[in-house]
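So the chains spell out like this:
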Amino acid sequence: MTKRIKTVLITGGVKRIGLSIARLLHTNNYNIIITYNKSSKQAREILNELNKKSKDSCKIIKVDFSKIQNFSDFSENVLKYYGRLDVLINNASRFYPTKINQVNQKSWLDLIDTNLKSPLMLAKIFYPELKKKRGNIINIIDIHIDPPLKDHIIYNISKAGLLALTKTLAKDLAPQVRVNGVSPGAIMWPEADENKTQKKREILSRIALKKIGDPIDIAKAVMFLVEDGNYITGQNINVDGGRRLNM
Ligand SMILES: NC(=O)c1ccc[n+]([C@@H]2O[C@H](COP(=O)([O-])OP(=O)(O)OC[C@H]3O[C@@H](n4cnc5c(N)ncnc54)[C@H](OP(=O)(O)O)[C@@H]3O)[C@@H](O)[C@H]2O)c1
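Residues numbered from 1 in each chain as written. Predicted model: local features only at pLDDT ≥ 70, side-chain atom pairs only at ≥ 80, totals over all residues.

Undergrad: When you look at the environment of phenylalanine 71 in this model, what are you seeing that I'm missing?
TA: Its location among the elements puts phenylalanine 71 in helix α3 (residues 71-82). Under the C-beta neighbour-count criterion, phenylalanine 71 is labelled partly exposed, with 18 such atoms within 10 Å. Between the alpha carbons of phenylalanine 71 and asparagine 29 there is a distance of 27 Å; along the sequence they are 42 residues apart. Other than its neighbours up to four places away in sequence, phenylalanine 71 contacts Met121, Leu122 and Ile125. (Helix = DSSP H or I, 4+ residues; strand = E, 2+ residues; numbered from the N terminus. Buried ≥ 20, exposed ≤ 12 C-beta atoms within 10 Å, placed from the backbone. Contact = placed C-beta atoms within 7 Å.)

Shown next, in the form of structure tokens:
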């Protein structure tokens, strides 16, 4: 069996798209550190699943990125697990509408701190380690930046900011650290939209490939950037079945 050496941190990775990324990188021999916030049951399940496949190959760490006070303590804890970090994947995200009359300090801080400020702070605290390892940062963005998603003012700002952050970090952390984005189209319906059949039909009609994607499609794009994208930095790959052709 090949020894696992490289280590990845995936935020919000115990469910849905993040879980698929975690499983694919684990299959490709990475040690996996996953953050979770509310999903403790799923966190224990993935911890058991991956450690059963390969002893001591997965760690979980609970954190709420809208409340975290001390990123340095967080990074110390993360680095203690395997003594190194090669890849940071900023996947954790809050997603809900904020029409103009719903914009307030609470929703601003919740969405911006989770979706934008935390990826910046994590890049900052892990930069020295990623620099040593000639590592990677992957930000999971969204195709809905331009044109923006209606009635989601703060979410749109957070993800547009994340694209700007991706490009800025690619410049500032080069040449040692590559920084790229992966922007999903319709991959998994938001949990709140599960029963909205008409809305789903409308979205499907605008996707060139006429189907929603699978989390593994995002995981494969991440894997490509991390393992094979040696000459790629500052890019954002849209994985959307051609949805952007009909926006
Ligand atoms: N689903 C899609 O089709 C789609 C489309 C476009 C873009 N994306 C992007 O792709 C990524 C993954 O999508 P997804 O649908 O799988 O995401 P998701 O289920 O909406 O959220 C992923 C995880 O983020 C964590 N999270 C949320 N707020 C947090 C906080 N304050 N602190 C710590 N963790 C927090 C949650 O962890 P807990 O459950 O443990 O609380 C959640 O499991 C996201 O960045 C999303 O914006 C997804």
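Undergrad: Explain the packing of helix α1 (residues 16-27) against helix α7 (residues 215-228) to me, please; I cannot follow it from the model alone.
TA: Each pair of packed helices can be described by the angle between their axes along with the distance between the axes. It is the contact of α1 with α7, at a shortest axis distance of 8 Å, that shows an interaxial angle of 50°. Compared by their axis directions, α1 and α7 come out oblique. The chirality of how α1 crosses α7 is right-handed. Where α1 abuts α7, its residues Arg16, Ile17, Ser20, Ile21, Leu24 and Leu25 lie against Pro215, Ile216, Ile218, Ala219, Lys220, Val222 and Met223. By residue class, the composition of the contact of α1 with α7 is 10 nonpolar, 1 polar and 2 charged. (Axes fitted to C-alpha atoms, helices over the stretch in contact; angles between N-to-C directions. Parallel < 35°, antiparallel > 145°, perpendicular 65-115°, else oblique. Left-handed = near helix turned anticlockwise from the far one by under 90°. Nonpolar A, V, L, I, M, F, W, Y, C, P; charged D, E, K, R; others polar.)

Undergrad: Help me understand the site of the ligand in this model?
TA: The environment of the ligand is made up of 26 residues, and the closest members are Gly12, Arg16, Asn37, Ser39 and Ser93. By residue number, the principal contributor to the shell around the ligand is α1, which donates 3 residues. A class-by-class count of the residues in the shell around the ligand yields 12 nonpolar, 8 polar and 6 charged. (Near = placed C-beta within 6 Å.)

Undergrad: Got a minute to help me understand the sheet that holds strand β2 (residues 31-36) in this structure?
TA: By way of backbone hydrogen bonds, the strands of a sheet pair with one another, either parallel or antiparallel. Ordered in space as β3-β2-β1-β4-β5-β6-β7, the 7 strands form an open sheet in which the pairing is parallel. Across the chains shown, the open sheet's two edge strands, defined by having one partner strand only, are β3 (58-62) and β7 (236-239). Averaged over all adjacent pairs, the angle separating strand axes in this sheet is 15°, with direction ignored. Against the sheet, helix α4 (residues 105-132) makes contact with β4 (87-90) and β5 (136-140), and its axis sits at roughly 175° relative to β4, the strand it touches most. This element, helix α5 (residues 153-172), spans β5, β6 (178-184) and β7 of the sheet and lies at about 160° to β6. (Pairing = 2+ DSSP bridges.)

That is the geometry; function is a separate question.
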